[in-house]
Amino acid sequence: MRPIVVALVLALTGCGPVPRVAPPLPPPPVTPPILVLPAEPPVPVAPVALPRVRVDGPAFVTDAGRFRWRGVSAFPLAFFIATGRATEADAFMAWAAAQDVTELRVFAMATHLFDLPPDVGRGVTARVLDMAARHGLYVELVALADTASYTFDRRVQVRTLGEQCAASTSCLGVQVANEADHPTQAPDIRDRASLQSLADLVPAPALVTCAPAHGADDERPTYFSCGDYVTVHVDRADGERG
């Protein structure tokens, strides 16, 4: 090192200009090669099989004992899934399960609350059942709603939903129609014999019920009652707001 220091001093004390020499640049950093791994296939979610709900006398039961029906209206879940909003459907189910709800009532078609044609609705209800099972929830599928707004084959709608319900233990049952005598329903839906013929299309072991009453008919226990169980809708006029 000493000769280098002396040479530098002599250069500084000389008479001529001292040329400025740029120091050598450091070598460029070595970039490690990027290792691209093939994407792993998604891990399949194993289907969840809940115990099948059945009717035993006046009660709903499963192999685990008596089934406690604690239901909530969840009309748009199929609509959510059909319109790319499955995360909203999943979030609702998570909330319902956290509230100790056991059953969700889901429309497989509609036009007034939301736009869900029957063919679209029945095309996603199997996904609704799978999603509900993962949350430990049961689903009642309402096959026919707002039928006055659509021209379609009711038998195909009910039969398809019945087959899906029979194949999934998370399906509690199929309700053929929502409030059959409601003004939004087509005239043929208000006929008891027509409802019974549609209910006959639902295969075992799926449960089936025809339709709840609407309005003051809620106190007529035989009104539209057919199938394995009867759903009663309390007359809204009896509520606090009339």
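Provided above is the structure to which this section pertains.
Sequence order as written defines the numbering, with residues in each chain counted from 1. For a predicted model such as this one, the threshold for reporting local features is a pLDDT of at least 70, and the threshold for listing and counting side-chain atom pairs is 80 or more; totals across whole chains, interfaces and linings nevertheless cover every residue. By convention in this description, side-chain values take in all heavy atoms of the structure and omit both hydrogens and water.

Caption draft 1: Region of interest: the pairing of strand β2 (residues 59-62). Only protein chains enter the accessibility calculation, which uses a 1.4 Å probe; a residue is then buried when its area is under 20% of its type maximum, exposed when over 50%, and partly exposed in between. Numbered from the N terminus, helices here are DSSP runs of H or I no shorter than four residues, and strands are runs of E no shorter than two. Burial along β2 is two-sided: the residues Ala59 and Val61 and Phe60 and Thr62 are all buried. Pairing between strands requires that DSSP locate at least two bridges from one strand to the other. Across three bridges, the pairing between strand β1 (residues 54-56) and β2 is antiparallel. Across the sheet, the residue bridging to Arg54 is Val61, located in β2. Count of turn residues in the β1/β2 antiparallel hairpin: two residues, of which Gly57 carries a positive phi of about 65°. Bridge count for β2 against strand β3 (residues 65-66) is two bridges, and the pairing is antiparallel. By the bridge assignment for β3, Thr62 is matched with Gly65. The turn joining β2 and β3, which pair antiparallel and follow one another in sequence, is formed by two residues.

Caption draft 2: The arrangement of the packing of aromatic side chains in detail. Ring geometry is summarised as follows: Phe, Tyr and Trp rings, the Trp one being its six-membered ring, pair when their centres sit within 6.5 Å, and such pairs are stacked at plane angles under 30 degrees, edge-to-face over 60 and tilted between the two. If you walk through the whole model with that rule in mind, you get eight aromatic pairs. Note on Phe60 and Tyr229: the rings are 5.5 Å apart at their centroids and 75° apart in plane angle, and the pair reads as edge-to-face. On the criterion of sequence distance, the pair formed by Phe60 in strand β2 and Tyr229 in the segment after β8 (207-209) is long-range, its members being 169 residues apart. You can call Phe60 buried: its relative accessible area is 16%. Here Tyr229 falls in the buried class, since its relative accessible area comes to 7%. With a centroid separation of 5.1 Å and 75° between ring planes, the pair formed by Phe67 and Tyr138 is classed as edge-to-face. Placement of Phe67 in the loop between β3 and β4 (71-73) and of Tyr138 in strand β6 (residues 138-144) is noted, with a sequence separation of 71 residues between them. The buried category is assigned to Phe67, whose relative accessible area is 12%. In this structure an aromatic cluster arises from ring pairing among Phe60, Trp69 and Tyr229.

Caption draft 3: Structural view of helix α5 (residues 154-167). Look at α5: 20 Å from first C-alpha to last across 14 residues, which is about the 20 Å you get at 1.5 Å a residue. Buried within α5 are the following residues: Arg154, Gln157, Val158, Leu161, Gly162, Gln164, Cys165 and Ala166. Check the buried side of α5 and you find it contacts α4 (118-134), β6, β7 (171-177) and α6 (192-199). Nitrogen and oxygen atoms within 3.5 Å of one another constitute a polar contact, given that in protein one can donate a hydrogen and the other can accept it, and given that sequence-neighbouring residues count only through two side-chain atoms. With a side-chain oxygen lying 2.9 Å from the backbone nitrogen of Arg155, the N-terminal cap of α5 falls on Asp153. Helix span, as expected, comes to 1.5 Å for every residue beyond the first. The contact rule is simple, with two residues in contact once any of their heavy atoms fall within 4.5 Å.

Caption draft 4: The arrangement of the packing of helix α3 (residues 86-98) against α4 in detail. Every axis corresponds to a line fitted to the C-alpha atoms, with the helix fit spanning only the stretch in contact, and the corresponding angles, defined between N-to-C directions, vary from 0 to 180 degrees. Direction vectors running N to C along α3 and α4 enclose 40°, while the axes themselves pass 10 Å from each other. Here α3 is positioned oblique relative to α4, judged by the angle of their axes. Like other packed secondary-structure pairs, α3 and α4 cross with a definite hand, here right-handed. For the pair α3 and α4, the contacting residues are Ala86, Ala89, Asp90 and Met93 in the first and Arg127, Val128, Met131 and Ala132 in the second. Of the residues in the contact of α3 with α4, the class split is six nonpolar, no polar and two charged. Our angle categories are set so that under 35 degrees counts as roughly parallel, over 145 as roughly antiparallel, 65 to 115 as roughly perpendicular, and the remainder as oblique. When the near helix sits turned anticlockwise from the far one by under a right angle, the crossing is termed left-handed; a clockwise turn instead gives a right-handed crossing. Residue classes follow a fixed rule: Ala, Val, Leu, Ile, Met, Phe, Trp, Tyr, Cys and Pro count as nonpolar, while Asp, Glu, Lys and Arg count as charged, and any other residue, Gly among them, counts as polar.

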